[in-house]
Amino acid sequence: MIRKSQLFLAVAALAGMNVAMAANCNTTQWGQGTPPGGAVVGAPTAGDPSSDDGTPNTSARYSGSCGLLADAVGEYVQDGLPSAEPSYIQRFYVRPGTTSGEAIVFRAMADETTDYPVVQISYDGAAQQFIFRVSNATGTGFLGTTSTAAAPRNKWYAIETNFNRTAGTLAISSIRGNNGQTIAPSLATINGITLPAGDGVDYVQLGWISGGTGGNITVDAFESRRSTAIGHLKRSDANGSATCNASDITTIANEIVDVLGGEPAPRLSAGQPDCNEDGSVNASDISCAAVVIIDDLNNDTVCGDAS
Amino acid sequence: MKTLNLFAIGVLTFAAAGVNAKQSSVVVLADESNRAGAKVASIDFEAGEPVSAFQVRLTLPADAKKINTANCLADLPKSHTGLCKASGNRVSLVVYSADGKALSPGLVSVGRISYATRTGGTIAVDKMMSAGPDARESVVKSRVESLN
C-alpha cells in the first residue's frame, strides 16, 4: 500500500541538534507519513546525558545532544515517509543492552492488509550478536537465510543496510562500533528476496520493538535514502566539524566537567564525543580522541578514515 | 559629533582586540647533538592566548632513524598531558588538559625528541592548531630554529 506520494526520503533523525536544544530532546521528527500506530509507541525516553540541566530525561547518545532510550520492550519510534520503496538504504546507531532473548531493534515494514517486516534487525542478548532477517516470498515469514554479527552489549554500533527489491537482496553494508571496530557479518548479502508484487518498505520502526529481556536499548542518528550509501559519523569528532583535532579534546573535556559538575546548562558536544563508543562520555574518551588525532596526523587520515 | 566619537572608540576597541589576539607558535629548536651523537630537537609552545589543547606534526629528515620520543612531553606543566608518537619519519603531538584548563599566554616547554640522521636536513612542522578553553580553534604558527 502506498502511504504517501512524497518522494523525498532523506533524514529522520532524533531531535536535538545542538547544545541549545539539550533541554528539548524530543521525537518530533518522527511520525512523518503517518505510520500505523503513530510516531511513538510506548514511552521511550528522548533525553540527553545530563541529569542536572533541569530536564527529567537522561539518555546516552551517539551524536548531538540527544538519544532515545527504551528501557522496556515495546518502546520505539516510527517513520512513514517510505512509500512501497523498491530500494531502501538506512543507517542507525544502536546501543543494545538486553541480556537474553532476541530484541527486535529495527524493522522496515510493508503496510499491507497484514503488515509484515521486509527487513528485520534484532539483537540476541545472550549470544551478544545482531541477527539480520528478510521477508520470504509470501510476506508471512522470513527466509531461512540469516546473517549475524558479533557485538558485545552496551556498546554503540552503526548499522547500515541496503535493501533492493529488484535484485532481491539485502546488503549489510557496514557494521562499525565498539571503539572503532569494523565488524564483518556472517553473510554480507542475503539473496533470494521475493516480495509479493507491489510490496516494499512503507514505514520503519526503531527502538526496542519486541522480544528480549533485561537492560535497555538506546538508538540515535537514524538516516534513510533511496540511493547512495550513507556512511558512518566520524568517531571522536566531538564538535561536529567533520575533522578530528585538538579542539575535539577540549570539547569532550568541557562536556565531562560540566556534566560531572551538575551545570544547569552543560556544554554538551554537538558531534560524536563518545570516542570509545561505550555509552558514556568520560576521561577515557579524551585519551581515545588523542589516539585518533595522533593517528590522523601520522597517517593523513580524517578521524581514522581515509581522507 | 557624538556618533563620530563612538565610532572612534569602536575602532580603537577593535584594534586593541586585534592586538590581544596574538597568534600562538610552535617553536622547534633543532640540530642540537647530544653526547651519543644523536640529533635533538626541543619543542616549545608559545601561547599567544589561553590555550587548552594544541597539536603539531614534525617531519624529520627522510632518513631519520632511532626516533626517541620518551621525553617528548617531559617538560609540560602538570595541568597538561598528551600523546606523542612517531611513525616513519613523522612525530605527532597532541597536548591537552583533561579538564579543559588553559595554558597562560607565554612560553611553555613541551619536551624534546632525539633521532639519528646521516644526511642532516631540516625539520618541517605542519598540522598545527590550538583550542581555547571554549574549544574554539585557532591557527598556530611554527618556527624552526637551528644552532648550526
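Residues numbered from 1 in each chain as written. Chains lettered and ligands numbered in written order. Predicted model: local features only at pLDDT ≥ 70, side-chain atom pairs only at ≥ 80, totals over all residues. Heavy atoms only, no water.

Q: Help me understand the side chain of D199(A), please; the structure alone is not making it clear to me.
A: Residues and elements named next belong to chain A. As for its position among the elements, D199 is in the loop between β13 (189-190) and β14 (203-210). Separated by 2.6 Å, the side chains of D199 and Y116 make a polar contact. Other than its neighbours up to four places away in sequence, D199 contacts E112, Y116 and R165. (Helix = DSSP H or I, 4+ residues; strand = E, 2+ residues; numbered from the N terminus. Polar contact = N/O pair within 3.5 Å; in protein donor to acceptor, adjacent residues only side chain to side chain. Contact = heavy atoms within 4.5 Å.)

Q: Sorry if this is basic, but what is going on with the packing of aromatic side chains here?
A: Each aromatic ring pair is characterised by the separation of its centres together with the angle its planes make. Residues and elements named next belong to chain A. This structure, assessed with the given rule, holds eight aromatic pairs over all chains. Centroid distance Y62 to W156: 5.8 Å. Interplanar angle 70°. Geometry classified as edge-to-face. Of this pair, Y62 sits in the loop between β2 (45-47) and β3 (67-70) while W156 sits in the loop between β9 (147-150) and β10 (157-164), placing them 94 residues apart in sequence. The two residues Y62 and W156 agree in class, both being buried. A ring pair is formed by F92 and F106, whose centres lie 5.3 Å apart and whose planes are at 20°; its orientation type is stacked. Of this pair, F92 sits in strand β5 (residues 87-96) while F106 sits in strand β6 (residues 102-110), and the two are 14 residues apart along the sequence. On the basis of relative accessible area, F92 is assigned to the buried category, the value being 0%. Chaining the aromatic ring pairs together yields one cluster made of W30, F92, F106 and F222. (Phe/Tyr/Trp six-rings, centres within 6.5 Å; stacked < 30°, edge-to-face > 60°. Buried < 20%, exposed > 50% of the residue type's maximum accessible area, 1.4 Å probe, protein only.)

Q: What exactly am I supposed to notice about the interface of chain A and chain B here?
A: Bring the parts together and some accessible area is lost; that lost area is often taken as the interface size. With 23 residues of chain A at the contact, the number on the chain B side is 29 residues. Overall, the association of chain A and chain B removes approximately 1800 Å² of surface from exposure, summing both partners, and the carbon and sulfur fraction of that is 58%. Contact with chain B buries surface across chain A, with I294(A), L297(A) and N298(A) losing the most and accounting together for 32% of the total. On inspection of chain A and its partner chain B, the count reaches four salt bridges. Between K85(B) and D295(A) there is a salt bridge, with its nearest N and O atoms 3.0 Å apart. Elements represented by at least two residues in the side of chain A that touches chain B include exactly α1 (246-260) and α2 (283-299) of chain A. With 10 residues, α2(A) is the largest single contributor of residues to the side of chain A that touches chain B. The residue inventory of the side of chain A that touches chain B, partitioned by class, reads 10 nonpolar, 10 polar and three charged. (Buried area = accessible area lost by both parts, 1.4 Å probe. Salt bridge = Lys/Arg side-chain N within 4 Å of Asp/Glu carboxyl O. Nonpolar A, V, L, I, M, F, W, Y, C, P; charged D, E, K, R; others polar.)

Q: Would you explain unusual backbone geometry in this entry?
A: Glycine aside, residues mostly have negative phi, and peptide bonds are mostly found in the trans state. Residues and elements named next belong to chain A. Although it is not a glycine, A242 sits at a positive phi angle of roughly 70°. Among the structural elements, A242 can be located in the loop between β15 (217-225) and α1. With a relative accessible area of 41%, A242 lands in the partly exposed category. Positioned with a positive phi, E277 is a non-glycine residue whose angle comes to about 60°. You can see E277 is positioned in the loop between α1 and α2. For E277, a relative accessible area of 4% corresponds to the buried category.

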